[in-house]
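Structural overview for review
Single-letter residue listing:
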There are 2 protein chains.
Amino acid sequence: MDIVDRRIIAALRENGRATYAELGRQIGLSASAVHERVGKLEATGVITGYHAVVNPSSVGLGVTALIGIHSTDVADDEDVAAALAQLPEVESCYRVAGDESFVVKVRVATVDDLEHTLGGLRRIGGVARTRTTLVLSTRFEGRPNTSEADAEVNGDDE
Amino acid sequence: MDIVDRRIIAALRENGRATYAELGRQIGLSASAVHERVGKLEATGVITGYHAVVNPSSVGLGVTALIGIHSTDVADDEDVAAALAQLPEVESCYRVAGDESFVVKVRVATVDDLEHTLGGLRRIGGVARTRTTLVLSTRFEGRPNTSEADAEVNGDDE
DNA sequence: GATGAAAGATGTATAAT
DNA sequence: ATTATACATCTTTCATC
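If you check an unreviewed UniProt entry, chain A appears there as Lrp/AsnC family transcriptional regulator from Actinophytocola gossypii.

Structure (structure tokens):
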């Protein structure tokens, strides 16, 4: 992972459909060199995927909520996490420090669906309580964080 | 927005680098038809972008936190949102209902950086108080939500 | 590791149905 | 809105440095 890899990653975070030729021009490398580097970044798990980002309300998912989940004392959080992963409306799932065990983000069509989802969450074994925060508007989300470009270069792996 | 568009969107959420030819084969359409549909989806703001997803710790961002932000009574939340957007370590920003005004997700390299970021947040005019929840592990994030495929088709726009 | 060449696949515009 | 055509561009492999 050198500076060139970092620049490729930054460019692909900005535009996941950038062609290898485009990337090569952008950073001064041949397309085949970019191709090989990107392949390695994918193979080593640095780049985990490429996704289109969609305006949620255009696909009929106008309701977003953040839900804190309290586990019971006896719960195995791995089991809870696995159960959460089974619910398609749970878009993100974070294991957190504090009195809650997880915070999840759910996206559904209507508040009725949200009610239904909350019922599903509480029916998971090991879930004691939920705390729901309704999202009024998403200002921005999953924005490419470029603060690592400024950070010290720490030769982690590779 | 018909069922074909929805299938294209679902495919591009799964794999944002899928070629038009690939998409066409997948859903039984010519590449040029797919090309035109995708162009319209982009132009009408249904698809807002394509991004590579990166393993955060591989790029030196191993610390994630969810931060609730209380505004002062006199604060203009638009100003607060604008200020939050200026901080590169703030990846996502939600305006929420409840006694907090915003919940943001930040990603930084170290807990020292987190402390620094919190200082920056509290220095924003209109921010009264912050509540930080440290993320221990991200189980999954920004997962393609396919529950709309099951949902009733509601001819919203187009 | 990077390059450049070459073959095949894909992207993109235009015109036609 | 889709298909057909056509040319430019890109992907991918491989010999080479």
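That was the structure; now back to the text.
Here's the deal with the overall build of chain A
Summing up its helical and strand segments, chain A has six helices and five strands in all. Helices (α) and strands (β) of chain A occur, in sequence order from the N terminus, as α-α-α-β-β-α-β-β-α-β-α. Its C-alpha atoms give chain A a radius of gyration of 20 Å, clearly above 15 Å, the size a compact globule of 158 residues would have. Taking the principal axes of the C-alpha coordinates as reference, chain A spans close to 55 × 35 × 25 Å. Taking all 158 residues of chain A together, 45% fall into the buried category. For chain A, the share of sequence-separated contacts (at least 6 apart) that also reach a separation of at least 24 residues comes to 64%. Working note: accessible area of chain A is about 7,800 Å², and carbon and sulfur atoms make up 49% of it.

Thoughts on the pattern of salt bridges
The final tally for this structure, using the stated rule, is 20 salt bridges over all chains. A salt bridge links K40(B) to E36(B); the shortest N-O distance between them is 3.7 Å. Placement of both K40(B) and E36(B) in helix 3 (residues 31-43) is noted, with a separation of four residues, approximately one turn of the helix. Residue E36(B) is classed as partly exposed on the basis of its relative accessible area of 49%. Here E91(B) and K105(B) are joined by a salt bridge, their closest N and O atoms 3.3 Å apart. A residue pair is termed long-range when its members are at least 10 positions apart, and E91(B) in strand 3 (residues 90-96) and K105(B) in strand 4 (residues 102-108) qualify at 14 residues. On the accessibility criterion, E91(B) (5% relative accessible area) is buried. Taken together, the salt bridges that share partners define one network made up of E91(A), K105(A), R107(A) and E141(A).

A word on the sheet that holds strand 5 (residues 127-140) of chain B
Strand order in the closed barrel made by the eight strands is 2(A)-4(A)-3(A)-5(B)-2(B)-4(B)-3(B)-5(A), with antiparallel pairing throughout. This sheet shows a mean twist of 35° between the axes of neighbouring strands, independent of strand direction.

Observations regarding the protein's contact with DNA strand D
The immediate surroundings of DNA strand D are formed by T19(A), Y20(A), A21(A), R25(A), S32(A), H35(A), S30(B), S32(B), A33(B), E36(B), R37(B) and K40(B). Take A21(A): an N or O atom from its main chain is 3.1 Å from a phosphate oxygen of DNA strand D. Of all the elements in the fold, those that place two or more residues in the surface near DNA strand D are helix 2 (20-27) and helix 3 (31-43) of chain A together with helix 3 of chain B. Tallied by class, residues from the surface near DNA strand D come to three nonpolar, five polar and four charged.

Let's talk about the interface of chain B and chain A
Each side of the interface is counted separately: chain B has 64 residues, and chain A has 64 residues. Between chain B and chain A the total buried area reaches about 5,800 Å² when both faces are included, carbon and sulfur atoms providing 53% of it. As a salt-bridge pair, R139(A) and E78(B) come within 3.3 Å of each other at their nearest N and O atoms. The interface formed by chain B and chain A includes 46 residue pairs in polar contact (both at pLDDT 80 or more). Counting only elements with at least two residues in the side of chain B that touches chain A, the list comes to helix 1 (3-14), strand 1 (47-54), helix 4 (77-86), strand 3, strand 4, strand 5 and helix 6 (147-150) of chain B. It is strand 5 of chain B that contributes the most residues to the side of chain B that touches chain A, nine residues altogether. When strand 1 (residues 47-54) of chain A meets strand 1 of chain B, the two strands line up antiparallel, connected through seven bridges.

Description of helix 5 (residues 111-122) of chain A
All names here are of chain A. Compared with the 16 Å implied by 1.5 Å per residue over twelve residues, the 16 Å span of helix 5 between its first and last C-alpha is a close match. Where helix 5 is concerned, the buried positions are L114, T117, L118, G120 and L121. Here the buried residues of helix 5 occupy an arc of 160° about the axis, which is enough to place them on one side. Exposed side of helix 5, more than 90 degrees from the buried face: D112, E115 and H116 are the residues found there.

Examining the relation of the copies chain B and chain A
Mapping chain B onto chain A calls for a rotation angle of 180° and an axial translation of 0.0 Å; the resulting RMSD is 0.1 Å. The operation mapping one copy onto its partner corresponds to a two-fold rotation axis. A symmetric contact is evident, with 100% of the interface residues of chain B recurring at the interface of chain A.

Some points on the UniProt feature "domain: HTH asnC-type" (unreviewed entry) in chain A
Under the feature "domain: HTH asnC-type" (unreviewed entry), the UniProt entry names residues 1-62 of chain A. Secondary structure content for residues 1-62 of chain A is 53% helix and 13% strand, and the end C-alpha separation is 39 Å.

What to know about the protein's contact with DNA strand C
Taken together, L29(A), S30(A), S32(A), A33(A), R37(A), K40(A), T19(B), Y20(B), A21(B), R25(B) and H35(B) form the complete shell of residues around DNA strand C. When the atoms of DNA strand C within 4 Å of the protein are sorted by group, sugar and phosphate make up 74%. A distance of 3.0 Å separates a phosphate oxygen of DNA strand C from a polar atom in the side chain of S30(A). Within the backbone of A21(B), an N or O atom sits 3.3 Å from a phosphate oxygen of DNA strand C. Counting residues per element, the ones that place at least two in the surface near DNA strand C are helix 3 of chain A together with helix 2 (20-27) of chain B.

Criteria and thresholds
Residues numbered from 1 in each chain as written. Chains lettered and ligands numbered in written order. Predicted model: local features only at pLDDT ≥ 70, side-chain atom pairs only at ≥ 80, totals over all residues. Heavy atoms only, no water. Helix = DSSP H or I, 4+ residues; strand = E, 2+ residues; numbered from the N terminus. Rg over C-alpha atoms; globule rule 2.2 N^0.38 Å. Buried < 20%, exposed > 50% of the residue type's maximum accessible area, 1.4 Å probe, protein only. Contact = heavy atoms within 4.5 Å. Areas by Shrake-Rupley, 256 points an atom, 1.4 Å probe, with all protein chains shown as cover. Salt bridge = Lys/Arg side-chain N within 4 Å of Asp/Glu carboxyl O. Pairing = 2+ DSSP bridges. Axes fitted to C-alpha atoms, helices over the stretch in contact; angles between N-to-C directions. Near = heavy atom within 4 Å. Polar contact = N/O pair within 3.5 Å; in protein donor to acceptor, adjacent residues only side chain to side chain. Nonpolar A, V, L, I, M, F, W, Y, C, P; charged D, E, K, R; others polar. Buried area = accessible area lost by both parts, 1.4 Å probe. Expected span 1.5 Å × (residues − 1). Arc of directions from axis to C-beta. Least-squares fit on C-alpha atoms with pLDDT ≥ 70 in both. UniProt positions renumbered as here; feature names shortened; annotations may be inferred.

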